[in-house]
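Secondary and tertiary structure notes
What follows is each chain in one-letter form.
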Amino acid sequence: MHKKANKTQQSTLRRDLKERHLTMIAIGGSIGTGLFVASGAIISQAGPGGALLSYGLIGLMVYCLMTSLGELAAFMPVSGSFATYGSKYVEEGFGFSLGWNYWYNWAVTIAVDLVASQLVMDYWFPNTPGWIWSALFLILIFLLNYISVKGFGEAEYWFSLIKVIAIIIFIIVGMLIILGILHGGEHVGWHNWHVGEAPFAGGFSAMIGVAMIVGFSFQGTEIIGIAAGESKDPAKNIPRAVRQVFWRILLFYILAILIISLILPYNDPLLLNNNVTAISISPFTLVFKNAGLMLAAAVMNVVILTAVLSAGNSGMYASTRMLYNLANEGKAPRIFAKLSKGGVPRNALLATTMLAGLCFLTSKFSNQEVYLWLLNTSGVTGFIAWLGIAISHYRFRRGYIAQGNSHLHLPYRSSFFPLGPIFSFVLSLSITFGQNYKAFLANHIDWYGVTATYIGIPLFLIIWMGYRLICGTRFVKYREMQFPIYKV
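Residues numbered from 1 in each chain as written. Predicted model: local features only at pLDDT ≥ 70, side-chain atom pairs only at ≥ 80, totals over all residues. Heavy atoms only, no water.

**Points about the overall build of the chain**
The test is simple: Helical segments are the DSSP runs of H or I of at least four residues, strand segments are the runs of E of at least two, and each set is numbered from the N terminus. In what follows, residue pairs with any heavy atoms lying within 4.5 Å of each other are defined as contacts. Note on areas: these come from Shrake-Rupley sampling with a 1.4 Å probe, and a residue is covered only by the protein chains present in the view.
The number of helices and strands found in the chain is 18 helices and zero strands. Taking as baseline every contact in the chain between residues at least 6 positions apart, the subset at least 24 positions apart corresponds to 81%. As displayed, the chain offers around 19700 Å² of accessible surface, 67% of which is attributable to carbon and sulfur atoms.

**A look at the packing of aromatic side chains**
Pairs of aromatic rings are described using the distance from one ring centre to the other and the angle between the two planes. Under the convention used in this document: Here the aromatic set is Phe, Tyr and Trp, taking the six-membered ring for Trp, and pairing holds for ring centres within 6.5 Å; pairs whose planes are under 30 degrees apart are stacked, those over 60 apart are edge-to-face, and all others are tilted. Relative accessibility under 20% of the residue-type maximum defines a buried residue, over 50% an exposed one, and the middle range a partly exposed one, all with a 1.4 Å probe and only protein chains included.
Taken as a whole, this structure holds 28 aromatic pairs when the rule is applied. Geometrically, the ring pair formed by Phe94 and Trp464 is edge-to-face, given 5.1 Å between the ring centres and 70° between the ring planes. With a gap of 370 residues between them, Phe94 in helix α6 (residues 92–121) and Trp464 in helix α18 (residues 456–471) connect regions that are remote in the sequence. Judged by relative accessible area, which is 5%, Phe94 ranks as buried. Geometrically, the ring pair formed by Tyr102 and Trp106 is edge-to-face, given 6.5 Å between the ring centres and 70° between the ring planes. Here Tyr102 and its partner Trp106 are both found in helix α6, four residues apart, which amounts to about one turn of the helix. Members of the aromatic cluster, connected to one another through ring pairs, are Phe75, Tyr89, Phe396, Tyr400 and Phe483.

**Observations regarding the pattern of salt bridges**
To be explicit about the condition: Here, a salt bridge means any Lys or Arg side-chain nitrogen found within 4 Å of an Asp or Glu carboxyl oxygen.
One pass over the structure, following the stated rule, counts four salt bridges. For Arg468, the salt bridge identified is with Glu91, shortest N-O distance 3.8 Å. With a gap of 377 residues between them, Arg468 in helix α18 and Glu91 in the loop between α5 (82–89) and α6 connect regions that are remote in the sequence. Residue Arg468 is classed as partly exposed on the basis of its relative accessible area, which comes to 26%. Assessed through its relative accessible area of 0%, Glu91 is described here as buried. Here Arg474 and Glu480 are joined by a salt bridge, their closest N and O atoms 3.1 Å apart. Classification of Arg474 as partly exposed rests on a relative accessible area of 46%. Under the relative-accessibility criterion, Glu480 is labelled partly exposed at 41%.

In structure tokens form, the structure reads like this:
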């Protein structure tokens with residue numbers, strides 16, 4: 001009876017997301033303030049060479065993760081994505097904890113984006129209470145997800161298109177500056193790579209310090225796995241979107257960082273501003289100003305606002321679908337598995353929206369303080385999700401082969417197995433534990449900083465071990481793994 005209900009629930013999800021939607025959903029979830037604003041802080045801390053190497057190394061890791069997720073999602077396109085994979089191919093409690101971790105991650109990240117929107121709007125309306133903007137944008141994001149999945153997909157497509165166009169224009173303007181065609185030609189060449197301690201300011205420790213921020217900039221690409229459950233022809237469109245998304249994002253990031261590093265010195269006073277939420281320090285804005293485009297600040301503010309809303313929109317979708325899938329599998333209250341006539345899990349959407357309401361803490365505290373608190377709270381959970389993808393893919397492929405199947409029969413297969421998931425796991429684990437290692441090296445351990453940074457790790461382990469203890473689950477053996485064929 002339970003299995004029959006399960007099939008009924010899953011069959012009512014509307015597969016209305018096309019390839020262009022999938023591509024832009026992944027781009028929209030990953031290109032946000034991490035690139036437009038925080039990239040300046042990364043260059044100032046690690047130097048131009050350190051920033052470029054960090055983006056390149058983590059970009060390579062993300063590519064390996066995307067191919068791993070692509071193989072899993074093309075074979076089993078479900079809305080729960082890697083939480084389901086974790087349950088089936090690692091351990092049921094692991095998947096349970098992974099799902100709740102991911103729901104919490106994106107629900108809190110929505111709150112981060114809404115607080116960031118306050119900071120953006122403060123540029124134009126400094127005397128308006130910030131919570132008003134959060135309320136308006138939360139209602140907008142809620143409505144875009146409430147109507148239908150197609151409405152969400154179209155909104156995300158146009159949100160992301162604005163960001164892509166802005167980055168392309170930036171790259172063109174940056175190249176014209178480097179070539180000396182526009183004002184700012186004095187910065188031509190590699191001069192800024194030899195200023196002060198450049199190109200690797202701060203050495204290896206600085207690269208470790210910024211790695212989490214760089215990784216956070218890329219987080220969101222995995223949303224394509226969540227969207228697999230509502231995509232048309234996932235066996236064909238998921239692999240194609242995986243290939244296109246990665247190369248476009250990597251091209252945007254690497255080219256953008258290279259151009260910024262050639263035009264702006266890493267010790268530029270505006271880049272060194274510790275308030276990474278300030279719109280005025282966006283390196284994109286500074287480059288446009290160097291080109292003599294006086295409207296650059298206002299234009300970039302609009303783009304950054306679009307980036308914030310896009311990331312929040314993607315986060316609302318991803319967290320809602322994850323909660324729906326948890327309920328559908330009996331790992332969350334069944335009320336969250338209920339779907340509207342249009343195939344939208346509105347109860348799960350309401351629960352996610354309520355948690356995203358943490359942004360209204362800014363009415364009691366400063367918006368900058370709440371922004372940084374929420375950012376620290378959600379940061380590590382994204383890397384835990386990536387660790388889950390790497391582990392699930394490794395065990396999936398080993399189990400698939402152990403049962404006499406050929407990897408050549410998979411709809412899409414990662415070209416880097418087994419090195420890809422192993423590399424992703426080791427690097428993600430190193431960054432997760434090393435992001436605030438300096439807190440342990442001081443004369444007195446900064447327990448407040450340690451707690452804010454690492455709180456996601458014990459929460460994940462407690463939920464996992466608690467489920468395992470209560471339900472008596474164990475790791476799935478390769479010979480016992482089930483590989484259902486999904487007809488879509």
